[in-house]
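These are the residues of each chain, in order.
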Amino acid sequence: MTSTTRTLGRSGLAVSPIGFGCWAIGGPAFRDGNPIGWGKVDDDESVAAIHAALDAGVTFFDTANIYGAGHSERVVGRALAGRRHEVVIATKFGNLFDEEAKRAIGRDASPASIREQCDASLARLGVDVIDLYQFHIGDYDPVQAETVVATLEELVDAGKIRSFGWSTDDPERAKVFARSPHCAAIQLHANVIDDNPAMVELLESAGLAGINRGPLAMGALTGKFSRETTFAADDVRRRFDFSGKEGRTLDALDRIRDILTSGGRTLAQGALGWLLARSPAFVPIPGIRTVAQAQDNAGAIAHGPLGAQEMAEIDQILKQLGLR
Ligand SMILES: NC(=O)c1ccc[n+]([C@@H]2O[C@H](COP(=O)([O-])OP(=O)(O)OC[C@H]3O[C@@H](n4cnc5c(N)ncnc54)[C@H](OP(=O)(O)O)[C@@H]3O)[C@@H](O)[C@H]2O)c1
């Protein structure tokens, strides 16, 4: 059985090994007419899912100001009211939006805007401090990112955030943040199909947590999609390409399905178990919008990391498929 907590990098904060991704519960939002949300949601079900996760031992929640154009932070605030002391809350900044129109309207990482965005997130979440404040512009200029870091250190001094990180897949950019004492984590895309060894090396040598977004490949690793699956017009997964990337994911999943479900795991639990085994720095944050998903994913905590033999077998199969 796995340990019931992991450490959120240099923050020293203890978090459950599996967190809760709060993008989908924000509901619909658009950028330039294209969906950047997961379609309609029922806020009562979202709150119930967060409570089910808490009851199952999940203590780490990841949202962003832009998710649902502010709505996700409001739902998280509503669900966690009165239980703030039990949880670690991460949110993100960098994107500007019109909350009424549910539209992204640009990006800003100037010091004045970061301070404003932080105050607005604190208000929507209904908290007086953000545990982990993450920069959401993954491809931002690394030289200009020095100014972002300086502003974040000021927010730590002001007591508005406890620690910070960058959501980026690029280790060279991550290194700019890693030099700063209150940088606790890097958020990276990682799942059993898409590894990022250079980032794992950096995280482990720098003592940072690696928060895994896309741990279920947006649901594709749960086994519920086929090449015939279609998505609503307001679902970001409308862009899935089952004759390309997502098709390769489904083919690979067929080959590793039995290994992932060993020991009585569901497929989602197996995919999360792969991440737990990949690095002790990793904290996967599966996106969740129902009570059943919250309970299934939290079940990965008790199953723990996949074993060394399972990891080696998966690696060998993915090498044969040209995915390693
Ligand atoms: N740039 C960034 O910083 C960034 C980018 C992406 C994500 N993130 C963060 O990472 C989190 C997770 O990543 P992700 O949203 O890309 O997706 P993901 O975790 O790979 O997949 C989440 C989706 O899979 C489905 N699902 C989850 N658990 C399931 C289960 N047990 N059984 C069946 N289906 C299940 C749900 O979709 P349905 O029920 O809708 O089918 C859910 O919305 C986000 O919520 C967000 O917090 C950050």
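Structure report, in brief. (Residues numbered from 1 in each chain as written. Predicted model: local features only at pLDDT ≥ 70, side-chain atom pairs only at ≥ 80, totals over all residues. Heavy atoms only, no water.)

## Quick word on the packing of aromatic side chains
Link 1 in the chain: For the structure on display, the rule yields 14 aromatic pairs.
Link 2 in the chain: Look at Trp-23 and Tyr-67: their rings are 5.7 Å apart centre to centre, the planes differ by 25°, and that puts the pair in the stacked class. Of this pair, Trp-23 sits in the loop between β3 (20–21) and β4 (30–31) while Tyr-67 is found in the loop between β6 (60–62) and α2 (71–80), placing the two residues 44 residues apart along the sequence.
Link 3 in the chain: Residue Tyr-67 is classed as buried on the basis of its relative accessible area of 9%.
Link 4 in the chain: Look at Phe-164 and Phe-177: their rings are 5.8 Å apart centre to centre, the planes differ by 85°, and that puts the pair in the edge-to-face class. Of this pair, Phe-164 sits in strand β11 (residues 161–167) while Phe-177 sits in helix α5 (residues 171–178); the two residues are 13 residues apart in sequence, bridging distant segments of the chain. For the pair shown, Phe-164 and Phe-177 are each scored as buried. (Phe/Tyr/Trp six-rings, centres within 6.5 Å; stacked < 30°, edge-to-face > 60°. Helix = DSSP H or I, 4+ residues; strand = E, 2+ residues; numbered from the N terminus. Buried < 20%, exposed > 50% of the residue type's maximum accessible area, 1.4 Å probe, protein only.)

## A few points about the packing of helix α7 (residues 245–260) against helix α10 (residues 308–320)
Link 1 in the chain: It is at 10 Å that the axes of α7 and α10 come closest, and there the two elements cross at 170°. It follows that α7 is roughly antiparallel to α10 by the angle criterion. From α7, Ala-252, Arg-255, Ile-256, Ile-259 and Leu-260 reach across to α10, where they touch Glu-310, Glu-313, Ile-314, Ile-317, Leu-318 and Gln-320.
Link 2 in the chain: Of the residues that constitute the contact of α7 with α10, the class distribution is seven nonpolar, one polar and three charged. (Axes fitted to C-alpha atoms, helices over the stretch in contact; angles between N-to-C directions. Parallel < 35°, antiparallel > 145°, perpendicular 65-115°, else oblique. Contact = heavy atoms within 4.5 Å. Nonpolar A, V, L, I, M, F, W, Y, C, P; charged D, E, K, R; others polar.)

## What about the nonpolar core?
Link 1 in the chain: Ranked by size, the top nonpolar core spans 91 residues in total, and within it Phe-20, Leu-152 and Phe-177 carry the most contacts.
Link 2 in the chain: The element that contributes the greatest number of residues to this core is helix α8 (residues 267–278), accounting for seven residues.
Link 3 in the chain: Look past the residues within four positions of Leu-152 in its chain and what remains in contact with it is Phe-93, Ile-114, Tyr-133, Ile-161, Phe-164 and Phe-177. (Core = buried A, V, L, I, M, F, W, Y, C linked by side-chain atoms within 4.5 Å.)

## Structural notes on the pattern of salt bridges
Link 1 in the chain: This model, assessed by the stated rule, comprises 22 salt bridges.
Link 2 in the chain: For Arg-115, the salt bridge identified is with Glu-154, shortest N-O distance 3.4 Å. A residue pair is termed long-range when its members are at least 10 positions apart, and Arg-115 in helix α3 (residues 111–125) and Glu-154 in helix α4 (residues 145–157) qualify at 39 residues.
Link 3 in the chain: For Glu-154, a relative accessible area of 45% puts it in the partly exposed group.
Link 4 in the chain: For Lys-160, the salt bridge goes to Asp-119, with nearest N and O atoms at 2.7 Å. (Salt bridge = Lys/Arg side-chain N within 4 Å of Asp/Glu carboxyl O.)

## Some thoughts on α8
Link 1 in the chain: With twelve residues, α8 extends 17 Å between its outermost C-alpha atoms, agreeing within 8% with the 16 Å of an ideal straight helix rising 1.5 Å per residue.
Link 2 in the chain: The element α8 is extensively covered by neighbouring structure, given that ten of its twelve residues are classed as buried.
Link 3 in the chain: Among all positions in α8, only Leu-267, Ala-268, Gln-269, Gly-270, Ala-271, Leu-272, Gly-273, Trp-274, Leu-275 and Leu-276 are buried.
Link 4 in the chain: Buried residues along α8 sit in contact with β1 (6–7), β13 (209–213), α7, β14 (282–284), α9 (291–303) and α10. (Expected span 1.5 Å × (residues − 1).)

## Points about the sheet that holds strand β10 (residues 130–135)
Think of a sheet as strands paired side by side through backbone hydrogen bonds, with each pair either parallel or antiparallel.
Link 1 in the chain: On the basis of which strands lie adjacent, the open sheet formed by eight strands has the order β3-β6-β7-β10-β11-β12-β13-β14 and parallel pairing. For this open sheet the edge positions go to β3 and β14, each flanked by a neighbour on one side alone.
Link 2 in the chain: Pairing of strand β12 (residues 183–189) with β13, which is carried by five bridges, proceeds in the parallel orientation. Counterpart to Ile-186 in the pairing with β13 is Gly-210.
Link 3 in the chain: Contacting β7 (88–93), β10 and β11, α4 runs over the sheet at an angle of about 160° to β11. (Pairing = 2+ DSSP bridges.)

## Quick notes on the site of the ligand
Link 1 in the chain: Near the ligand lie 29 residues; those nearest to it are Asp-62, Ser-167, Lys-224, Arg-289 and Gln-293.
Link 2 in the chain: One nitrogen or oxygen atom from the side chain of Lys-224 is found 2.7 Å from an oxygen atom belonging to the ligand.
Link 3 in the chain: Here a nitrogen atom of the ligand sits 2.9 Å away from a polar atom, N or O, in the side chain of Asn-297.
Link 4 in the chain: With the chains in place, 89% of the 900 Å² that the ligand exposes on its own is no longer accessible.
Link 5 in the chain: Considering each element in turn, the shell around the ligand owes the most residues, three residues, to α9.
Link 6 in the chain: Looking at the shell around the ligand, its residues break down into twelve nonpolar, ten polar and seven charged. (Near = heavy atom within 4 Å. Polar contact = N/O pair within 3.5 Å; in protein donor to acceptor, adjacent residues only side chain to side chain. Areas by Shrake-Rupley, 256 points an atom, 1.4 Å probe, with all protein chains shown as cover.)

## Structural notes on unusual backbone geometry
Link 1 in the chain: The phi torsion at Ala-69 lies on the positive side, around 50°, for a residue other than glycine.
Link 2 in the chain: In this fold, Ala-69 is placed in the loop between β6 and α2.
Link 3 in the chain: Exposure remark for Ala-69: the relative accessible area of 1% places this residue in the buried category.
Link 4 in the chain: Located in the positive-phi region is Met-218, a residue other than glycine, with phi close to 55°.
Link 5 in the chain: Along the chain, Met-218 falls in the loop between β13 and α7.

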